[in-house]
Amino acid sequence: MAGVKIKNGKINFCCKMNECSNSCCGPFSGVTSEISNIDKRPFDEIVLTKEDYDRLFNAGLAHFTETGYSEAMQKQYKKMALYPDGTCKAFIDGRCSINKNKPTLCKAFPFYFDMFSGLCAIECEGFNDEVWADIEKFEGCFEAAKQMYEFWIDFYTNKN
Ligand code: SF4
Ligand code: SF4
């Protein structure tokens, strides 16, 4: 893989979508990392914000979700239901079947914000030195990453 690069306001990323041989929708073992997850929740979960879940529920798509439990906070949260190999149950015929109601985490992927390093990305096939896109094009992804960051702060301060 090419690795994540940003030069002169451009980033070497273009999602391969249906042509991705290792789709983040599955089979996907999640993000492997040296990071210690204090709450011991698995890194392959697709956690839903309240707004994500409400949108899916109102669209009659709640059967694609399930409930997780945080031992650390002793409370439940919603997440996408996965098959045992890590494939999202909404990933049907090689595509996201709930595209219009895509969860915030999926909108952000492969980007996330780290409080030390700023913009970070999970390396995937979309990073390619042959393709350079204006970073502004990813404003929606970054906004979604920000919403997830805020979701977790609220989660661990009992505001959601
Ligand atoms: S909700 Fe859609 S985009 Fe997100 S992991 Fe599932 S199939 Fe993929
Ligand atoms: S974000 Fe990356 S892993 Fe997911 S479908 Fe696009 S290229 Fe593949």
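As a reminder, the structure under discussion sits directly above these lines.
Throughout this description, residue numbers start from 1 for each chain and increase along the sequence as written. Here every chain gets a letter starting at A, and every ligand a number starting at 1, in the order they are written. Local features in this predicted model are restricted to residues of pLDDT 70 or higher, and side-chain atom pairs are both shown and tallied only at a pLDDT of 80 or more, whereas totals for entire chains, interfaces and linings draw on every residue.

Trainee: Help me understand the overall build of the protein, please; the structure alone is not making it clear to me.
Mentor: Secondary structure counts use DSSP, requiring at least four H or I residues in a row for a helix and at least two E residues in a row for a strand, with both numbered from the N terminus. Summing up its helical and strand segments, the protein has 3 helices and 10 strands in all. Of the regular secondary structure in the protein, the N- to C-terminal order runs β-β-β-α-β-β-β-β-α-β-β-β-α. Computed over the C-alpha atoms, the radius of gyration of the protein is 16 Å, within 12% of the 15 Å expected from 2.2 N^0.38 for a compact globule of 160 residues. Each principal axis of the C-alpha atoms in the protein carries an extent, and together these give about 45 × 40 × 25 Å. As a rule, residues whose C-beta atom has 12 or fewer other C-beta atoms within 10 Å are exposed, those with 20 or more are buried, and those in between are partly exposed; C-beta atoms are placed from the backbone. In the protein, buried positions account for 19% of the 160 residues. The reference for a compact globule is 2.2 Å times residues^0.38; the radius of gyration itself is calculated from the C-alpha atoms.

Trainee: Just to check I follow, could you spell out the site of ligand 2 for this structure?
Mentor: Every residue near ligand 2 is listed here: Cys15, Lys16, Met17, Cys20, Asn22, Ser23, Cys24, Phe109, Pro110, Cys124, Glu125 and Gly126. Polar here means any residue outside two lists: the nonpolar Ala, Val, Leu, Ile, Met, Phe, Trp, Tyr, Cys and Pro, and the charged Asp, Glu, Lys and Arg; Gly therefore counts as polar. Among the residues making up the shell around ligand 2, the classes are represented as 7 nonpolar, 3 polar and 2 charged. As used in this record, a residue near a molecule or strand is one whose C-beta atom, placed from the backbone, is within 6 Å of it.

Trainee: Looking at this structure, I do not really get the nonpolar core. What am I missing?
Mentor: Across soluble globular proteins, you tend to see nonpolar side chains buried next to one another. One finds Ile46, Met80, Cys88, Leu105, Ala108 and Met148 to be the most contacted residues of the largest nonpolar core, which totals 19 residues. At the level of elements, β3 (47–48), α1 (50–58), α2 (104–108) and α3 (139–156) are the ones that each hand at least two residues to this core. By residue number, the principal contributor to this core is α3, which donates 4 residues. With C-beta atoms placed from the backbone, a contact is any residue pair whose C-beta atoms sit within 7 Å. Setting aside chain neighbours within four positions, we find Cys88 in contact with Cys25, Gly26, Ile46, Met80 and Leu82. For this analysis, nonpolar core means a set of buried Ala, Val, Leu, Ile, Met, Phe, Trp, Tyr and Cys residues linked through C-beta atoms within 7 Å.

Trainee: Which parts of the structure should I look at to understand the sheet that holds β3?
Mentor: Paired through their backbone hydrogen bonds, the strands of a sheet run either parallel or antiparallel. Note on pairing: two strands pair once DSSP finds at least 2 bridges between them. Read across the sheet, 3 strands follow the order β3-β5-β4 without closing on themselves; strand pairing throughout is antiparallel. Edge positions in the open sheet fall to β3 and β4 (65–70), since each of these has one partner strand only. When β4 meets strand β5 (residues 75–80), the two strands line up antiparallel, connected through 6 bridges. Its bridge partner lying in β5, Thr65 is registered against Met80.

Trainee: Would you explain the sheet that holds strand β1 (residues 6–7) in this entry?
Mentor: Taken in spatial order, the 3 strands line up as β1-β2-β10 in an open sheet, and their pairing is antiparallel. A single partner strand is all that each edge strand has here, and the edge strands are β1 and β10 (133–134). Here β1 runs beside strand β2 (residues 10–11); their pairing, made up of 2 bridges, is antiparallel. Bridge pairing in β2 links Ile6 to Ile11.

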